[in-house]
Amino acid sequence: MRHLLLGNEAIAYGALSAGVAVAAGYPGTPSSEIIETLLEYRDRFVQWASNEKTAVEIAYGAALAGARALAAMKHVGLNVAADPLHSAAYTGVVGGFLIVTADDPNMWSSQNEQDTRWYGLQSYIPVLEPSDPQEAFKMAKEGLMLSEALEHPVILRSVTRVSHVRAPVVVEPPAPPKFGKFARNVERYVLVPQNARRRKAEVLRRWDSFADLSSRFLSIEGDGEVVVVASGVGYLYAVEALERLRVKAAVVKVGMPVPLPKKLADVGAGEVVVVEEGDPVVEMQLRAMGVKTRGKIDGFFPKIGELTLRSVVEGISKALGLGVRLPDPPTPPLQPPPRPPYLCPGCPHMGTFYAFKIASAGQKVIWSGDIGCYTLGINTGQQDLATHMGSSLGLGMGIAVADREKLVVATVGDSTFYHAALPQLIDLKTKKVPLVLVVMDNEYTAMTGGQPSPSRSVPAERLAEAVGVKHYVIDPADLKRSVEIAKAAVADAKSGEPVVVVSRRPCTLEALRHARRSGFKPPKFYVVADKCRSCGICYNVLKCYAIAKLPDGKAWIDPSLCSGCSMCAQVCPYDAIKPTEPEKVGKWLELWSQA
Amino acid sequence: MTLARWLGRAAMAAGYDVKIAEVHGLSQRGGSVEVHVRLGDRVYGPVVSEGDADYVVAMEALEALRAFRYIGGNTVLVVNKRVIQIPGRYLDPEQVYKALQTYKNLRLVPAFDIAMKIGDPIYENSVLLGYLAKLLGVDERVDWLDERNRRAFDEGRRLASGDLQPSASSMAS
C-alpha cells in the first residue's frame, strides 16, 4: 500500500517494521516528526527526552540490553550527544541501535550547517544516506537490522529535502517490538583504559570490514565516459541535471557514504564528478583513495547551502567544460520587502520582553539569548546573542564576569532551560554570578510544533529553590505586575545577587488551538481611532505583529491576527484600545492559562 | 501545506509520481513559506527550480512578487487578492496589484472576499484550492471538506471556469 508520507514519517515506519522497541529524541527542525510518529505506538517505549544526550543514552542503553532502539535529533543535537555516541562504537551494542539525524543545509531553521557524516568518520560509525522518503523507509529498516547484525551502532543521515519531502512510500506493517535482556560484560562495557584500548583495536578491525559491506549500498546506473558519484539527494539532482544537459554518464549512487566502499578506488581513470549535499565527505574519501575528483573541494559546486538543480546543472557543466549557464530567474515587477518572522500576536514572550525593556530602561543591558521562539526578541533589540542551546546562561555568565559594568539579562525558553541550562544554573549559584535569568516558560516546545516540555512536572522555580537562587514568578500577560517584578530582579542583579524570573503563560498557538476545540471564540481588540495619538508604543515597543502602523501613524489591529491577549490595551497610554467583548477578556485569559 | 498535500493525494490517485517539499517552522510566526509540488511519471529532485514552475499559487500578493523567480515562459500565476502587510513596511495594495498585472498570465482571485462572505478568512485557502483544481482539471471528490470549506471550494472552481466574473482587472491576459 502506498502512502503519501513525509520522509520523517517514513523513517519512523521503517524502524517500526524492523521491530524498534525503544525510541527517544529531542525535537528540532527538520527531525521532529520521527518521534511524533512513533509516539502513536503505545506497545513500545517512545519518549521526548530532555535533550539529545539523554535520548541517545536511553537508546544506547536499551541496545546494550539487546533491544532494537532508535534515537532521533537534528544535526546540532548530535553535538550534545557526541560523548555517548563515541563510546557506543567502542562497546558496540547487542540489539540494533540506529541514530537518526536530520541535517539542515541552508539553515532554514538552525544556527549552523553541519554534516553529520563527519561524525561517522570521527566515531567509526557507518552512515546511511537516503535520497527520498521511500529510501528513508528502507534504510531505517535496514539500518536497524544491520546494526544488530554488526553489533555496532549505525547512523542514518537525513537532510531537510528528505525529512520534509512528502512522497509516495510503500510501507510494511510494524513488527512486534524487540525488547531484550542485559548481560554483563565488564571488559566490553566498562571503558577503563585497559578495556578501552582493546576496544579501540576491535573498532578498527570492524571499520575495515565496513568498507566492504558498504558496497551493498552501491548501485551504478547508465554508462558513458563521464562518471558521476552521487550521495543522498545529490543523486536526484545529478540524474535530473544530466538529463537537462543531455549528458550520458555512469551514475554511481552511494547509499553508505561512510565508510566508502574500497572498490570505488577504481571508479574512473579520469576526473570523476562528485555530487553530495553538505561538505565534501565522499569527495575527500575518494581523493584519499587516489581518485581524481571534481566536486566541492575545488568549487565546482557551492560549499554553502543546499544543492539546487541550478547549482548542480552549472556545476556539472563547469566540471565537464560544457559552458552551459542557466538564464537568470525573472525579477519581480516590484521588489517586495523582506518578511522576517515575528513573535505571534499575543505571544507571552512579547509581554516578558516588554516588561524587561521597561524595567531596565536607562541601564546598559546585554540580552544574552538562546535558541527558540524567543530568539525573535531580535525584533525588539533584545537578543544580543543566540549561538546554541544554552547560550543564554552559559555565555551570559562569561560575559557578566568579563564585563562587570553591564547588566546581563539571560533569556531562555522552558524547553531549552531543561535541555541545556541546568548545569549552568548550578554554576550560577556556586560562583554567585550576578545576572538575571529569565525562564520564558510557555509550557511547550513551541518553535518545533508544540511538543510537551517538562515544565509542568518540574517547574523551573522549584529547581531555582532547590539550587538556592532567589526567584520570582510572573504572568507576562499582566504587564503592570511583570514590570514591577522585573524591576526588583534587575535591582537584585545590580546589587550582586543572581536571580531567576520564571515568566509563565502557555504558548498562544496552543491556547488558540484549545479554544477552537472547546468552541470558545476569544475577544478581539480594536483601536478607537479618535483616541489614538500615534505614539507607537503598541507597534514600536510592544511590537505586536497584529498591529499595523497606518500612513498617519495611528495604530490598526488586524482582526484576523489578534489573539485577544490584551497587552496592547495595557500599554496604551491614551486608553485607545478596546476589546470587542469586554466581558470575555478575563475568561479568555483564565482559559488561556490552562491551555 | 494543506493545499500541497491535497494536490499530492489527487496526483497519486491519478497514478502520478509526486514530491512535495515543505519548509516547516516559521509560517505561523509571520515568515515567508514556500511549498513545492512536483508531479510526473517519475519525479527526481524535490524542489521546483527557478523559472520552472507551471503554476505559482500565492496566498497573498506580496508573496506572489517574492515567488516571481519561479516564473517561466507560460507559468500561470494565481494570486489571492489580499495583502498581508509587513510590520513597518506598509505598501499600498493597489500598487501591488498593479505591479502584478504587468504579468500576462495572472489570475487575481478574490479568495479573501469570498471567505469573508462565508464567515472567516480561514476559508480563503479552500477557494484557491477549488480554483486550482479547475485549472488543473483535477476532478477530486472533496467530501473530506466540511460544509463551509466545500462552499469555498466550489466558489473557487466556479471562478476558474468563468461562471462568476472576477474583477475586471484580474482578466488581463
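It should be emphasised that the depicted structure is a prediction, and the values quoted were computed from it without experimental measurement.

## Details of the overall build of chain A
Part 1 of the argument: Along the backbone of chain A there are 23 helices and 24 strands.
Part 2 of the argument: Taking 2.2 N^0.38 as the reference for a compact globule, 595 residues should give roughly 25 Å; the C-alpha atoms of chain A span a radius of gyration of 27 Å, in line with that estimate.
Part 3 of the argument: With the principal axes as the frame, chain A shows a C-alpha extent of 80 × 65 × 50 Å.
Part 4 of the argument: When each of the 595 residues of chain A is scored for burial, the buried share is 59%.
Part 5 of the argument: When contacts within chain A are restricted to residue pairs at least 6 apart in sequence, long-range pairs at least 24 apart make up 76% of them.
Part 6 of the argument: Within the structure as shown, chain A displays about 23100 Å² of accessible surface, and the carbon and sulfur contribution to it stands at 55%.
Part 7 of the argument: Separation between the mean location of the 67 positive side-chain charges and that of the 61 negative ones in chain A comes to 3 Å.

## Some details on the interface of chain B and chain A
Part 1 of the argument: Between chain B and chain A, the residue contacts involve 49 residues of the former and 47 residues of the latter.
Part 2 of the argument: Taken together, the connections running from chain B to chain A amount to 6 salt bridges.
Part 3 of the argument: For Glu22(B), the salt bridge is made with Arg166(A), and the minimal N-O distance between the two is 3.1 Å.
Part 4 of the argument: Here chain B is connected to chain A by 12 residue pairs in polar contact (both at pLDDT 80 or more).
Part 5 of the argument: Of all the elements, strand β1 (residues 17–22) of chain B adds the most residues to the side of chain B that touches chain A, at 6 residues.
Part 6 of the argument: The residue makeup of the side of chain B that touches chain A, split by class, is 23 nonpolar, 11 polar and 15 charged.
Part 7 of the argument: For strand β8 (residues 165–170) of chain A and β1(B), the ladder comprises 2 bridges, and the chain directions are antiparallel. Opposite Arg166(A), over in β1(B), you have Ile20(B) as the bridge partner.

## A closer look at the sheet that holds strand β13 (residues 293–294) of chain A
Residue and element names in this part refer to chain A.
Part 1 of the argument: The strand order across the open sheet built from 5 strands is β9-β11-β10-β12-β13, with neighbouring strands paired in mixed fashion. Both outer strands of the open sheet, β9 (218–221) and β13, are each paired with one neighbouring strand and no more.
Part 2 of the argument: Sheet topology note: the strand β12 (residues 272–275)/β13 ladder contains 2 bridges and is parallel. Bridge pairing in β13 links valine 272 to threonine 293.
Part 3 of the argument: Packed on one face of the sheet, helix α13 (residues 309–320) meets β10 (226–231), β12 and β13 and runs near 165° to β12.

## Some remarks on the domain arrangement of chain A
Part 1 of the argument: Assigned domains within chain A: domain 1 (2–191), domain 2 (216–320), domain 3 (348–505) and domain 4 (520–593).
Part 2 of the argument: Each of domain 2 of chain A and domain 4 of chain A has a C-alpha centre, and these two points are 56 Å apart.

## Some thoughts on helix α6 (residues 147–160) of chain B
Residues and elements named next belong to chain B.
Part 1 of the argument: With 14 residues, α6 extends 20 Å between its outermost C-alpha atoms, agreeing within 8% with the 20 Å of an ideal straight helix rising 1.5 Å per residue.
Part 2 of the argument: Listed in full, the buried residues belonging to α6 are Asn149, Ala152, Phe153, Gly156 and Leu159. One side of α6 carries all its buried residues, which in axial view fall inside an arc of 125°.
Part 3 of the argument: Structurally, α6 contributes buried residues whose contacts are with α1 (2–13), β5 (106–109), α4 (111–118) and α5 (124–136).
Part 4 of the argument: Following α6 by one or two positions, glycine 162 has its phi on the positive side, about 80°.

## A short note on the sheet that holds β8(A)
Part 1 of the argument: One open sheet holds the 4 strands; their spatial order is β1(A)-β8(A)-β1(B)-β2(B), and the pairing between them is antiparallel. Both outer strands of the open sheet, β1 (2–6) of chain A together with β2 (35–40) of chain B, are each paired with one neighbouring strand and no more. Across this sheet, the average inter-strand angle for adjacent strands is 25°, counted without regard to direction.
Part 2 of the argument: Along the sheet, helix α7 (residues 133–150) of chain A contacts β1 and β8 of chain A; its crossing angle with β8(A), the most-contacted strand, is approximately 60°.
Part 3 of the argument: Against the sheet, α1(B) makes contact with β1 and β8 of chain A together with β1 and β2 of chain B, and its axis sits at roughly 155° relative to β1(A), the strand it touches most.

## Thoughts on the UniProt feature "binding site: [4Fe-4S] cluster 2" (unreviewed entry) in chain A
Residue and element names in this part refer to chain A.
Part 1 of the argument: The UniProt record annotates "binding site: [4Fe-4S] cluster 2" (unreviewed entry) at Cys544, Cys562, Cys565 and Cys568. A compact arrangement is adopted by the annotated residues: their sequence extent is 25 residues, whereas the largest C-alpha distance between any two is 10.5 Å.
Part 2 of the argument: Along the chain, cysteine 562 falls in the loop between β23 (555–557) and α22 (567–571).
Part 3 of the argument: Judged by its relative accessible area of 11%, cysteine 562 is buried.
Part 4 of the argument: Not counting residues within four places of it along the chain, the set of residues in contact with cysteine 562 comprises Lys524, Phe525, Ala546 and Ile557.
Part 5 of the argument: Summarising the element assignment, cysteine 565 is placed in the loop between β23 and α22.
Part 6 of the argument: Among all residues touching cysteine 565, those that are not within four sequence positions of it are Gly346, Met350, Phe525, Gln570, Trp588, Leu589 and Trp592.

## Description of empty space enclosed by the protein
Residue and element names in this part refer to chain A.
Part 1 of the argument: If you walk through the whole model with that rule in mind, you get 5 cavities of 30 Å³ or more.
Part 2 of the argument: As a volume, the largest cavity reaches approximately 100 Å³.
Part 3 of the argument: Those elements giving two or more residues to the lining of the largest cavity turn out to be α14 (348–359) and α21 (537–542).
Part 4 of the argument: Ranked by the residues each element gives to the lining of the largest cavity, the list is headed by α14, at 3 residues.
Part 5 of the argument: By residue class, the composition of the lining of the largest cavity is 8 nonpolar, 4 polar and 1 charged.
Part 6 of the argument: Both of domain 3 (348–505) and domain 4 (520–593) provide at least three residues apiece to the lining of the largest cavity.

## Concerning unusual backbone geometry
All names here are of chain A.
Part 1 of the argument: With an omega dihedral of 5°, the bond running from threonine 29 to proline 30 counts as a cis peptide bond.
Part 2 of the argument: A cis amide bond links valine 258 with the next residue in sequence, proline 259, at an omega value of -10°.
Part 3 of the argument: As for its position among the elements, proline 259 is in the loop between β11 (249–254) and β12.
Part 4 of the argument: With a phi close to 80°, serine 566 is a non-glycine residue in the positive phi region.
Part 5 of the argument: On the secondary structure map, serine 566 appears in the loop between β23 and α22.
Part 6 of the argument: With a phi close to 55°, aspartate 575 is a non-glycine residue in the positive phi region.
Part 7 of the argument: As for its position among the elements, aspartate 575 is in the loop between α22 and β24 (577–579).

## Quick look at the packing of aromatic side chains
Residues and elements named next belong to chain A.
Part 1 of the argument: Scanning the model with the defined rule gives 10 aromatic pairs over all chains in all.
Part 2 of the argument: Between phenylalanine 520 and tryptophan 588, the aromatic rings sit 5.9 Å apart at their centres with planes inclined by 25°, giving stacked as the arrangement. Of this pair, phenylalanine 520 sits in the loop between α20 (508–518) and β21 (525–527) while tryptophan 588 sits in helix α23 (residues 582–593), placing them 68 residues apart in sequence.
Part 3 of the argument: According to the relative accessible area criterion, phenylalanine 520 is buried, its value standing at 14%.

## Topic: the UniProt feature "binding site: [4Fe-4S] cluster 1" (unreviewed entry) in chain A
All names here are of chain A.
Part 1 of the argument: With numbering matched to this structure, UniProt assigns "binding site: [4Fe-4S] cluster 1" (unreviewed entry) to Cys532, Cys535, Cys538 and Cys572. Judged by maximum C-alpha separation, these annotated positions cover 41 residues in sequence but sit close together in space, the widest gap being only 10.7 Å.
Part 2 of the argument: Among the structural elements, cysteine 532 can be located in the loop between β21 and α21.
Part 3 of the argument: Using a relative accessible area of 12% as the deciding quantity, one classes cysteine 532 as buried.
Part 4 of the argument: Aside from chain neighbours lying at most four places away, what touches cysteine 532 is Val527, Lys554, Ala555 and Ala576.
Part 5 of the argument: Relative to the helices and strands, cysteine 535 is located in the loop between β21 and α21.
Part 6 of the argument: Beyond its immediate stretch of four places on either side in the chain, cysteine 535 contacts Pro573 and Tyr574.

Scoring rules and cut-offs
- The numbering scheme is per chain: residues are counted from 1 as the chain's sequence reads.
- Chains and ligands are labelled sequentially in the order written, the chains with letters from A and the ligands with numbers from 1.
- Local features are withheld for residues below a pLDDT of 70 in this predicted model, meaning they are given only at 70 or higher, and side-chain atom pairs are given and counted only at 80 or more; totals for whole chains, interfaces and linings count all residues.
- With hydrogens and water stripped out, all remaining heavy atoms of the structure feed into the side-chain values.
- Helix numbering and strand numbering both begin at the N terminus, where a helix is a DSSP run of H or I of at least 4 residues and a strand a DSSP run of E of at least 2.
- Computation of the radius of gyration draws on C-alpha atoms, with the globule rule given as 2.2 Å multiplied by the number of residues to the power 0.38.
- Burial classification: accessible surface area is computed with a 1.4 Å probe over protein chains only, and a residue below 20% of its type maximum counts as buried, one above 50% as exposed, and the rest as partly exposed.
- Here, residues are in contact when the closest pair of their heavy atoms is within 4.5 Å.
- Exposure was quantified through the Shrake-Rupley algorithm and a 1.4 Å probe, taking into account, for residues, occlusion by the shown protein chains and nothing else.
- The charge count includes Lys and Arg as positive and Asp and Glu as negative, but it does not include His or the ends of the chains.
- For the purpose of locating charges, the reference atoms are NZ of Lys, CZ of Arg, CG of Asp and CD of Glu.
- For this analysis, a salt bridge means a side-chain nitrogen from Lys or Arg found within 4 Å of a carboxyl oxygen belonging to Asp or Glu.
- Think of a polar contact as two N or O atoms within 3.5 Å of one another; within protein, one of them needs to be a possible hydrogen donor and the other a possible acceptor, and neighboring residues in sequence only count if both atoms come from side chains.
- Polar here means any residue outside two lists: the nonpolar Ala, Val, Leu, Ile, Met, Phe, Trp, Tyr, Cys and Pro, and the charged Asp, Glu, Lys and Arg; Gly therefore counts as polar.
- For two strands to be treated as a pair, DSSP must find at least two bridges joining them.
- Here the axes come from fitting lines to C-alpha atoms, over the contacting stretch only for helices, and the angles between their N-to-C directions go from 0 to 180 degrees.
- Where each domain begins and ends is defined by an automated method or by a domain database.
- Here a helix's expected span is defined as the number of its residues, less one, multiplied by 1.5 Å.
- It is the directions from the helix axis to the C-beta atoms whose arc is reported.
- UniProt positions are given in the numbering used here, feature names are shortened, and annotations may be inferred rather than shown by experiment.
- Grid points spaced at 1 Å over the protein atoms alone were grouped into cavities, where a 1.4 Å probe fits but cannot get out, and pockets, open sets with protein on both sides within 12 Å along at least five of seven lines, with lining residues defined by an atom within 4 Å of a point.
- Grid points are joined across faces, edges and corners, and a volume is the space filled by probe spheres set on the points.
- Each aromatic pair joins two rings of Phe, Tyr and Trp (for Trp, the six-membered one) with centres within 6.5 Å, and gets the label stacked for planes under 30 degrees apart, edge-to-face for over 60, and tilted for any other angle.

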